[in-house]
Amino acid sequence: KDIIASAQTGTGKTAAFLLPLIHNILKSQSQSNTITALVIVPTRELAIQIAQHLEGFSYFAGVSSIAVYGGGDGNAFVQEKKALSEGADIVVCTPGKMMSHIKMGYVKLQGLKYLILDEADRMLDMGFHDDIMRIISHLPEKRQTLLFSATMPPKILQLSKTILKDPGEISIALSKP
């Protein structure tokens, strides 16, 4: 089921989506040359942070992952291209950098099962709406989409109506991280 979740920073949203994602990937054991899950985040720092959590959570699980974000060197690009063309279980990316790779034509998204938009409110505030919609246009229609946001302004609700199918809603009231 698609999900729209609202909870403030520091409440464990990253673990809330990464742990079930790792579990589902291990359960399905599909060995394909495509990307299984795409996690889109607004900043390089968040991509690195989530990739580090992912590495820790899946250290003994054999789940492949890569963080794709701008500002890297030529070596980073070569690794990104390899993972995006040969497949990876989980790709954590920023919208602009992912669009750059998609435009080059080698990104394998046909087997994608999960799309996660983390800090969606921040991505929209930063002007990534069009990039997000372009990325989504390359994804399979049949997938689970999860949208996480600290706040639920009207533009997030509009985005959720566009990309989510009959979503379940989870809202964690103000709490201490």
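Here, the structure is the one placed above.
Residues numbered from 1 in each chain as written. Predicted model: local features only at pLDDT ≥ 70, side-chain atom pairs only at ≥ 80, totals over all residues. Heavy atoms only, no water.

Novice: Could you clarify how one ought to interpret the packing of aromatic side chains in this entry?
Specialist: Both the distance between ring centres and the angle between the ring planes are used here to describe each pair of aromatic rings. Evaluated as defined, the whole model comprises two aromatic pairs. Measuring from ring centre to ring centre gives 4.8 Å for tyrosine 59 and phenylalanine 60, while their planes differ by 90°; the resulting arrangement is edge-to-face. Residues tyrosine 59 and phenylalanine 60 agree in their burial class; the two are exposed. Stacked on the ring of tyrosine 106, the Lys or Arg lysine 81 has its end atom at 5.1 Å from the ring centre. (Phe/Tyr/Trp six-rings, centres within 6.5 Å; stacked < 30°, edge-to-face > 60°. Buried < 20%, exposed > 50% of the residue type's maximum accessible area, 1.4 Å probe, protein only. Lys NZ or Arg CZ within 6 Å of the ring centre and 35° of its normal.)

Novice: How should I be thinking about the pattern of salt bridges in this particular structure?
Specialist: When charged atoms on two side chains of opposite charge get close, those side chains can pair. Considering all chains together, one arrives at six salt bridges under this definition. Two residues, aspartate 125 and lysine 155, come together in a salt bridge whose shortest N-O distance is 2.8 Å. Placement of the pair is aspartate 125 in helix α5 (residues 120–125) and lysine 155 in helix α7 (residues 154–163), with a sequence separation of 30 residues. Take aspartate 125: its relative accessible area is 57%, and that puts it in the exposed class. Note that lysine 165 and glutamate 141 form a salt bridge whose closest N and O atoms lie 3.4 Å from each other. In this pair, lysine 165 sits in the loop between α7 and β7 (168–171) while glutamate 141 sits in the loop between α6 (129–137) and β6 (144–149), placing the two residues 24 residues apart along the sequence. Taking the relative accessible area as the measure of exposure, lysine 165 reaches 46% and is therefore partly exposed. On the accessibility criterion, glutamate 141 (61% relative accessible area) is exposed. (Salt bridge = Lys/Arg side-chain N within 4 Å of Asp/Glu carboxyl O. Helix = DSSP H or I, 4+ residues; strand = E, 2+ residues; numbered from the N terminus.)

Novice: Help me understand the sheet that holds strand β5 (residues 114–117) in this model?
Specialist: Strand order in this open sheet of seven strands is β3-β4-β2-β5-β6-β1-β7, and the pairing throughout is parallel. Each end of this open sheet is capped by a strand with a single partner; those strands are β3 (65–68) and β7. Recorded for the sheet is a direction-independent mean angle of 15° between the axes of neighbouring strands. Sheet topology places strand β1 (residues 3–6) next to β6; four bridges connect them, and they run parallel. When the bridges of β6 are listed, isoleucine 3 appears paired with leucine 146. With respect to the sheet, helix α3 (residues 74–86) is in contact with β2 (35–40), β3 and β4 (88–93), its orientation differing from that of β3 by roughly 125°. (Pairing = 2+ DSSP bridges. Axes fitted to C-alpha atoms, helices over the stretch in contact; angles between N-to-C directions. Contact = heavy atoms within 4.5 Å.)

Novice: Please explain helix α1 (residues 13–28) as it appears in this structure.
Specialist: The terminal C-alpha atoms of α1, which comprises 16 residues, lie 23 Å apart, in line with the 22 Å expected from a rise of 1.5 Å per residue. For α1, the secondary structure elements touched by its buried residues are β2, α2 (44–57), β4, β5 and β6. Among the residues trailing α1, glutamine 29 stands out with phi positive, at a value near 45°. (Expected span 1.5 Å × (residues − 1).)

Novice: Help me understand the nonpolar core, please; the structure alone is not making it clear to me.
Specialist: Considering soluble globular proteins, one finds that nonpolar side chains tend to be buried as a cluster. Counting residues in hydrophobic clusters, the biggest one holds 33 residues, and the most contacted among them are Leu38, Val91, Met98, Leu117 and Leu147. Filtering out sequence-adjacent residues up to four positions away, valine 91 remains in contact with Ile35, Ala37, Leu38, Val39, Ile66, Val68 and Leu84. In terms of nonpolar packing, the next biggest core, distinct from the first, is built from 20 residues, Val41, Leu46, Leu54 and Ile90 among them. (Core = buried A, V, L, I, M, F, W, Y, C linked by side-chain atoms within 4.5 Å.)

Novice: Please clarify how the side chain of threonine 14 should be interpreted in this entry.
Specialist: Within the secondary structure, threonine 14 sits in helix α1. Given the relative accessible area of 15%, threonine 14 is considered buried. Dropping the residues within four chain positions of it, threonine 14 is found in contact with Ile50, His53 and Asp118.

Novice: Just to check I follow, could you spell out unusual backbone geometry for this structure?
Specialist: With glycine set apart, most residues show a phi of negative sign, and most peptide bonds adopt trans. In this model, glutamate 119 sits at a positive phi of 55°, which is unusual for a non-glycine residue. Here glutamate 119 is to be found in the loop between β5 and α5.

Treat this as a map of the structure, not an account of what it does.
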